[in-house]
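# Notes for the structure review
Listed below, chain by chain, are the residues.
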Amino acid sequence: MSERGNFGTKIGVILATAGSAVGLGNIWRFPYMTGQDGGAAFIIIYLVCVLILGIPGMVAEFVVGRHSGANAARAYYNIGGRKWSLLGYGGAITSMIIFGFYSVVAGWCLQYLFASTMGQLNGDVTYVQHYFKTFSSDPLKPLFWTVAFIIMTHLVVVKGVRKGIERASNILMPTLFILLFIIVVASCMLPGTKSGLEFLFKPDFSKVTRSVFLDALGQAFFSLSLGTACLCTYASYFNRQTNLVKSAVQIAGIDTLVAILAGLMIFPAAFSVGVRPDSGPSLIFITLPAVFQQAFAGMPVLGYIIGVFFYGLLVLAALTSTISMHEIGTALFYEELHLSRSKGAWIETIVCIIIGVFCSLSCGAVDITVFGKSFLNFCDFITSDILLPLGAFFTCVFVGWYVPKNIVKDQITNWGTISSRLYGIWLFVVRFICPICIGSVFLHQLGII
Ligand code: PFF
């Protein structure tokens with residue numbers, strides 16, 4: 001345990017955990033899910049999920065993590081015994097699958113960073129569409145970037161908590177915000193953006209199909225990094241002064257703001273340049289090059305600089321998220337198998353490279369399908385639509401019903417030093433509302449209710 005660190009400052013806690021939450025889930029996944037699931041109505045359901053289920057669920061994971069101060073499996077084991085430690089192991093497995101496919105998309109971002117630096121993305125939408133398709137189905141290039149990205153994550157993680165994770169997040173998060181604002185303004189100034197804004201803000205509930213609820217729930221959990229024991233692992237590095245409820249609210253607030261900004265960045269531009277909002281995972285990779293070119297047509301150098309910076313930041317935002325996914329397994333392996341931190345990190349890295357390779361190849365180079373989906377889409381689906389909601393469901397049941405109340409109350413009130421006003425409401429939500437709502441969404445999806 002001597003190698004365990006903790007986060008140095010209050011703002012470091014928020015930024016590192018927000019760094020885990022903010023990533024491709026907000027900037028790549030949120031816009032493409034919103035586009036596929038009909039726009040504003042999806043966003044409203046998503047916001048309800050964040051508020052009612054996400055924030056209380058985050059606090060529940062924080063309680064387990066900070067109480068134990070150990071890796072995810074041990075954290076659940078310490079309170080609930082062997083049976084509940086499965087939740088920690090399950091979270092680690094889920095995060096490995098996510099890490100595998102997420103690195104492929106992060107690898108695409110690395111390729112776009114490279115291509116925009118070399119000026120290879122200059123062309124109309126048809127050209128960029130063709131560019132993306134050719135690149136993503138190439139057998140070698142995306143594979144190379146995927147592995148490169150996983151190794152980058154590995155290198156930060158072996159540096160440890162304070163030096164690596166906290167320092168990186170402190171610089172990256174604020175810069176990302178500033179750049180997002182600039183691109184939103186540029187995108188909204190393109191001609192013909194009204195339909196894009198309507199798509200984002202004018203709900204049409206007739207488009208809400210059965211699967212929209214589970215999609216919104218899965219997206220909320222994915223975006224908040226909830227249900228993988230990631231928050232539990234990070235909370236094990238929190239200090240005694242960290243206010244768990246306030247931190248969850250702040251992190252969810254930052255995360256949601258970035259998602260909405262990403263929507264504002266993509267949809268007005270997509271409608272303006274004629275990209276279909278339901279283009280799926282390629283949405284941002286086709287729309288953004290057009291924004292950088294057309295919005296800055298009069299100032300190509302500025303467009304170039306903003307483009308390069310943006311892809312750079314996207315890579316870094318993805319990195320602060322993959323660091324957190326990697327940390328779940330690393331902490332678990334090195335503490336449970338009594339290895340050095342570096343060896344623990346290598347086990348995680350190698351497993352994720354294997355998953356990442358299959359995901360990358362399934363994008364066109366080799367036919368790897370599971371239940372009719374490409375392996376990458378299958379990994380995305382099984383984690384977001386099944387494993388994350390299940391993880392969050394059982395965490396809420398565990399914290400609401402099994403963890404001794406004195407432990408829970410001590411964690412929420414920082415051992416009686418801060419107000420317990422919200423404790424009762426939160427406990428009620430975690431015991432009843434979260435399990436009932438998550439369970440209902442599942443049953444609804446299965447057509448049972
Ligand atoms: N929340 C991250 C994002 O939105 O990009 C993704 C993520 C990170 C999911 C960590 C799960 C996790 F454990």
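The structure this text deals with has already been given above.
Everything numeric here is computed off the predicted structure, so don't read it as measured data. (Residues numbered from 1 in each chain as written. Predicted model: local features only at pLDDT ≥ 70, side-chain atom pairs only at ≥ 80, totals over all residues. Heavy atoms only, no water.)

### Brief notes about the overall build of the protein chain
Formally: Put simply, DSSP marks the helices as runs of H or I at least four residues long and the strands as runs of E at least two long, and each gets a number from the N terminus on. Within these notes, the globule rule equals 2.2 Å times the number of residues to the 0.38 power, and the radius of gyration is based on C-alpha atoms. Remark: exposure states derive from per-residue accessible area (1.4 Å probe, protein chains only) relative to the maximum for the residue type, with buried under 20%, exposed over 50%, and partly exposed in between. Contact definition: two residues touch when any of their heavy atoms are within 4.5 Å. Accessibility throughout is a Shrake-Rupley quantity obtained with a 1.4 Å probe, and a residue counts as covered only by protein chains that appear here.
Assigned secondary structure in the protein chain consists of 18 helices and 2 strands. Taking 22 Å as the expected radius of gyration for a compact globule of 449 residues, we find that the protein chain reaches 21 Å, a close match to that expectation. If you line up the protein chain on its principal axes, its C-alpha atoms span 60 × 50 × 40 Å. Within the span of the protein chain, comprising 449 residues, buried residues form 60% of the whole. Pairs at least 24 residues apart make up 81% of the contacts formed inside the protein chain by residues separated by at least 6 positions. For the protein chain, the accessible surface area stands at approximately 17,200 Å², while carbon and sulfur atoms represent 68% of it.

### Describing the nonpolar core
Note the following rule: Buried residues of nine kinds, namely Ala, Val, Leu, Ile, Met, Phe, Trp, Tyr and Cys, make up a nonpolar core once their side-chain atoms join them within 4.5 Å.
In terms of nonpolar packing, the biggest core is built from 154 residues, with Phe310 and Trp426 touching the most fellow members. Residues contacting Phe310, with those up to four places away along its chain left out, are Ile27, Leu179, Leu180, Ile183, Met265, Leu288 and Phe292.

### Remarks on the side chain of Asp37
By the secondary structure assignment, Asp37 is in the loop between helix H2 (24-36) and helix H3 (40-68). Leaving out residues up to four positions away in the same chain, Asp37 has contacts with Phe42, Lys207, Val212 and Asp215.

### Observations concerning the packing of aromatic side chains
How we decide: Here the aromatic set is Phe, Tyr and Trp, taking the six-membered ring for Trp, and pairing holds for ring centres within 6.5 Å; pairs whose planes are under 30 degrees apart are stacked, those over 60 apart are edge-to-face, and all others are tilted.
Applying the stated criterion to the full structure yields 29 aromatic pairs. Seen from their ring centres, Phe101 and Phe222 are 6.3 Å apart, and the 25° between their planes marks the pair as stacked. One end of the pair, Phe101, is in helix H5 (residues 82-117); the other, Phe222, is in helix H10 (residues 210-224), and 121 residues separate them in sequence. When its relative accessible area of 0% is taken as the criterion, Phe101 is described as buried. The exposure class of Phe222 is buried, given its relative accessible area of 8%. Both rings, one in Tyr127 and one in Tyr131, keep their centres 6.3 Å apart while their planes meet at 40°; by these two values the pair is tilted. One end of the pair, Tyr127, and the other, Tyr131, are both in helix H6 (residues 125-136), 4 residues apart, so they sit about a helical turn from each other.

### Structural notes on unusual backbone geometry
Note: most residues except glycine have negative phi, and most peptide bonds are trans. The backbone phi angle of His338 is positive, close to 55°, even though this residue is not glycine. As for its placement among the helices and strands, His338 is situated in the loop between helix H14 (300-336) and helix H15 (341-361). The class for His338 is exposed, based on a relative accessible area of 70%. One non-glycine residue, Phe371, lies in the positive phi region at around 50°. Mapped onto the fold, Phe371 is located in the loop between strand E1 (369-370) and strand E2 (373-374).

### A closer look at helix H18 (residues 423-445)
Residues three or four positions apart in an α-helix share a direction because the helix packs 3.6 residues into each turn. The cut-off we apply is this: Expected helix span is given by 1.5 Å per residue-to-residue step, counting one fewer step than there are residues. Consider a residue and the seven residues that end there alongside the seven that start there; fitting an axis to each set, the bend is the angle between those axes.
Taking 1.5 Å per residue, 23 residues should reach 33 Å; H18 reaches 32 Å between its end C-alpha atoms and fits that length. Taken as a whole, H18 carries its principal kink of about 40° at Val430. Within H18 the residues assigned to the buried category are Tyr423, Trp426, Leu427, Val429, Val430, Cys434, Pro435, Ile438, Gly439, Val441 and Phe442. Buried residues along H18 sit in contact with H3, H10, helix H16 (375-402) and helix H17 (405-412).

### Here we look at a nonpolar patch on the surface
Quick note on the threshold: Only residues whose relative accessible area exceeds 30% and that form no salt bridge are eligible for patches; like-charged ones are grouped when within 9 Å, while nonpolar side chains (Val, Leu, Ile, Met, Phe, Trp, Tyr) are grouped when within 5 Å. Should a side-chain nitrogen of Lys or Arg be within 4 Å of a carboxyl oxygen of Asp or Glu, the pair is scored as a salt bridge.
Taken together, Ile44, Val48, Leu51, Ile52 and Phe205 make up a surface patch of nonpolar side chains, about 450 Å² in accessible area. With respect to the helices and strands, Ile44 occurs in helix H3. For Ile44, a relative accessible area of 35% gives the class partly exposed.

### What to know about H6
As a reminder, the rule being used: The directions from the helix axis to the C-beta atoms form the arc being described.
With 12 residues, H6 should reach 16 Å at 1.5 Å per residue; the first-to-last C-alpha distance of 16 Å fits that figure. Listing the buried residues of H6 in full gives Val125, Val128, Tyr131, Phe132, Phe135 and Ser136. For H6, the angular spread of buried residues about the axis comes to 120°, placing them on one side. Facing away from the buried side of H6 by over 90 degrees, the exposed positions are Thr126, His130 and Lys133.

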